[in-house]
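Report on the structure
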Amino acid sequence: MTTVYFVVPCYNEEEVLPETVKRLSSKLETLIKNNIADEKSRMLFVDDGSKDKTWELIEQFSSENKYVGGVKLSRNRGHQNALLSGLMTAKGKCDCVISLDADLQDDIGVIDEFIKKYNEGCEIVYGVRSSRKKDTFFKRSTAQGYYKFMSMLGVDIVYNHADYRLLGSRALDALSEYKEVNLFLRGIVPLIGYRCDYVYYERSERFAGESKYPLKKMLRFAIDGITSFSVKPLKLISNIGIIICILSIIGFIYALVSVLMGVAAAGWASLMCSIWFLGGLQMFSIGIVGTYVGKIYSEVKARPRYRIEKEIINGYPQNDNPESINNINKDV
Ligand code: UDP
Ligand code: MG
């Protein structure tokens with residue numbers, strides 16, 4: 001039988017958490033009853049430095065329900081880091097992990113299928129949205145454009161897959177070897193390899209509360225995804241540079257010929273235009289290079305990606321559990 005851990009990152013999710021715990025518990029209990037998952041299976045809620053009562057709720061649920069576990073990060077570290085901390089906490093305690101959002105947007109009905117594919121030998125199972133009918137037109141078109149753009153840049157990501165996925169213990173071990181600070185799990189997981197498969201589901205609307213991904217965060221996430229996985233923008237700069245060099249040689253010859261032929265030289269306007277154009281282009285290029293330099297800067301510093309303040313598994317704080325004392329206050 002399989003020990004399954006659900007990992008759920010939560011940031012200010014007090015409105016939806018009680019319902020999430022209720023639904024996931026009944027799902028887990030059914031899985032255990034049907035001998036699909038075993039008794040050691042757990043739900044692990046990661047509190048990503050929430051400002052509301054999220055952690056208090058997790059503590060309360062974990063005291064009432066032995067299947068509920070919790071990890072509290074010392075401050076808000078963002079969805080990807082929160083998810084990673086949960087995955088790394090689950091590593092070594094289970095056969096496979098299923099990560100999902102706290103807002104019940106991911107259809108938990110397909111969890112059986114995830115585990116079935118795992119039992120058939122898949123190490124990674126991606127949850128893929130079968131349609132985006134419920135999204136706003138803006139979110140749908142920007143997301144689709146983004147996936148296309150990423151694949152044009154040579155980044156291998158799964159179309160319409162968010163962070164609803166199953167990872168087996170070998171995939172988790174592999175994931176723990178990726179030390180990068182600018183985390184974009186959707187890009188890293190396909191790099192792991194192993195046998196994988198897909199499960200299709202319909203994504204519903206948020207059960208309660210508001211999206212924690214406003215446009216600004218979404219844009220940052222998108223840019224992170226590109227610059228963490230592709231150096232094509234850098235190559236693009238060189239290519240533009242080469243093209244401009246060729247054009248400027250032609251321009252130079254043209255100017256030389258016009259001078260030799262005594263034709264009036266180009267006026268102030270064209271000069272201004274080219275200065276502006278080149279100035280803009282240079283700034284744009286420097287900006288892109290700067291983005292990469294910034295990344296090198298943070299990677300080189302290799303700061304811890306998260307810090308676990310508290311951890312509860314099996315209904316009691318892990319500090320009291322000699323087996324996992326090593327996990328506490330350890331930078332990862
Ligand atoms: N989340 C998090 N830390 C953050 C932002 C979000 O742990 O800084 C969690 C959030 O609680 C949710 C998941 O990440 O479980 C996805 O966020 P959300 O549903 O707001 O994003 P959307 O589905 O709107 O893209
Ligand atoms: Mg959501």
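Residues numbered from 1 in each chain as written. Chains lettered and ligands numbered in written order. Predicted model: local features only at pLDDT ≥ 70, side-chain atom pairs only at ≥ 80, totals over all residues. Heavy atoms only, no water.

Right, let's get into helix 1 (residues 17-33). An α-helical segment advances 3.6 residues per turn. Residues three or four places apart therefore align on the same side. The end-to-end C-alpha separation of helix 1 is 24 Å, in line with the 24 Å expected for 17 residues at 1.5 Å each. Among the residues of helix 1, Leu17, Glu19, Thr20, Val21, Leu24, Ser25, Lys27, Leu28, Leu31 and Ile32 are the ones counted as buried. One or two positions beyond helix 1, positive phi appears at Asn35, with a value near 60°. (Helix = DSSP H or I, 4+ residues; strand = E, 2+ residues; numbered from the N terminus. Expected span 1.5 Å × (residues − 1). Buried < 20%, exposed > 50% of the residue type's maximum accessible area, 1.4 Å probe, protein only.)

This part covers the pattern of salt bridges. As a working rule, side chains carrying opposite charge can pair if their charged atoms are close by. Taken as a whole and judged by the stated rule, the model has 13 salt bridges. One salt bridge in this structure joins Glu19 and Arg23, with 2.8 Å as the shortest N-O distance. In this pair, Glu19 and Arg23 both sit in helix 1, four residues apart, roughly one turn of the helix. Between Glu120 and Lys116 there is a salt bridge, with its nearest N and O atoms 3.7 Å apart. On the basis of relative accessible area, Glu120 is assigned to the partly exposed category, the value being 40%. Salt bridges here are not isolated pairs; linked through shared partners, they connect Glu19, Lys22 and Arg23. (Salt bridge = Lys/Arg side-chain N within 4 Å of Asp/Glu carboxyl O.)

Attention shifts here to the packing of helix 1 against helix 2 (residues 54-64). With their axes 10 Å apart at the nearest point, helix 1 and helix 2 run at an angle of 30° to one another. The pairing of helix 1 with helix 2 is recorded here as roughly parallel in orientation. Of the two elements, helix 1 crosses helix 2, and the hand of that crossing is right-handed. Taken together, the residues of helix 2 that come into contact with helix 1 (itself represented by Leu17, Pro18 and Val21) are Thr54, Leu57, Ile58 and Phe61. (Axes fitted to C-alpha atoms, helices over the stretch in contact; angles between N-to-C directions. Parallel < 35°, antiparallel > 145°, perpendicular 65-115°, else oblique. Left-handed = near helix turned anticlockwise from the far one by under 90°. Contact = heavy atoms within 4.5 Å.)

The next thing to look at is the packing of aromatic side chains. Here the structure, examined in full by the defined rule, presents six aromatic pairs. Between Tyr164 and Tyr201, the ring centres sit 5.0 Å apart and the planes meet at 90°, which makes this aromatic pair edge-to-face. A residue pair is termed long-range when its members are at least 10 positions apart, and Tyr164 in strand 6 (residues 161-168) and Tyr201 in strand 7 (residues 196-201) qualify at 37 residues. As far as the burial class goes, Tyr164 and Tyr201 line up, both buried. Site record: aromatic cluster; members linked through ring pairs are Phe114, Tyr164 and Tyr201. (Phe/Tyr/Trp six-rings, centres within 6.5 Å; stacked < 30°, edge-to-face > 60°.)

Counting 36 residues, the largest nonpolar core has Phe6, Phe45 and Ile98 as the members making the most contacts within it. Residue assignment for this core shows that the elements contributing at least two residues are strand 1 (4-10), helix 1, strand 2 (42-47), helix 2, strand 4 (96-99), helix 4 (111-119), strand 6 and strand 7. Counting residues per element, this core draws most heavily on helix 1, which supplies six residues. Once residues within four sequence positions are removed from consideration, Ile98 is found in contact with Val4, Tyr5, Phe6, Val7, Ile111, Phe114, Ile115, Tyr164, Arg165 and Leu166. (Core = buried A, V, L, I, M, F, W, Y, C linked by side-chain atoms within 4.5 Å.)

Okay, the coordination of the magnesium ion (ligand 2) next. Ideal values differ by geometry: the angle at a metal is 109.5 degrees with four tetrahedral donors, but 90 or 180 degrees with six octahedral donors. For the magnesium ion (ligand 2), the full set of protein donor atoms is Asp103 (OD) and Gln105 (OE1), and the range of their distances to it is 1.9 Å. In this structure, Asp103 and Gln105 share a single accessibility class: buried. (Donors = N, O, S within 2.8 Å, 3.2 Å for Na, K, Ca; no water.)

The next subject is a nonpolar patch on the surface. Taken together, the side chains of Ile249, Phe252, Ile253, Leu256, Val257, Leu260, Met261 and Val263 define a hydrophobic patch exposed on the protein surface, amounting to about 850 Å² of accessible area. Take Leu260: it is sitting in helix 9 (residues 232-260). Using a relative accessible area of 73% as the deciding quantity, one classes Leu260 as exposed. (Patch = residues over 30% accessible without salt bridge, like charges linked within 9 Å, V, L, I, M, F, W, Y side chains within 5 Å. Areas by Shrake-Rupley, 256 points an atom, 1.4 Å probe, with all protein chains shown as cover.)

The next subject is the layout of surface pockets. There is about 330 Å³ of room inside the second largest pocket. Taken together, 15 residues make up the lining of the second largest pocket; nearest its centre are Phe149, Leu153, Ile226, Pro233 and Ile288. For the lining of the second largest pocket, the elements supplying multiple residues, two or more each, are helix 5 (137-152), helix 8 (215-229), helix 9 and helix 10 (268-301). Take the lining of the second largest pocket: its biggest share by element is five residues, from helix 8. By residue class, the composition of the lining of the second largest pocket is twelve nonpolar, two polar and one charged. (1 Å grid on protein atoms, 1.4 Å probe; cavity = no way out; pocket = protein on both sides within 12 Å on 5 of 7 lines; lining within 4 Å. Points joined across faces, edges and corners; volume = space filled by probe spheres on them. Nonpolar A, V, L, I, M, F, W, Y, C, P; charged D, E, K, R; others polar.)

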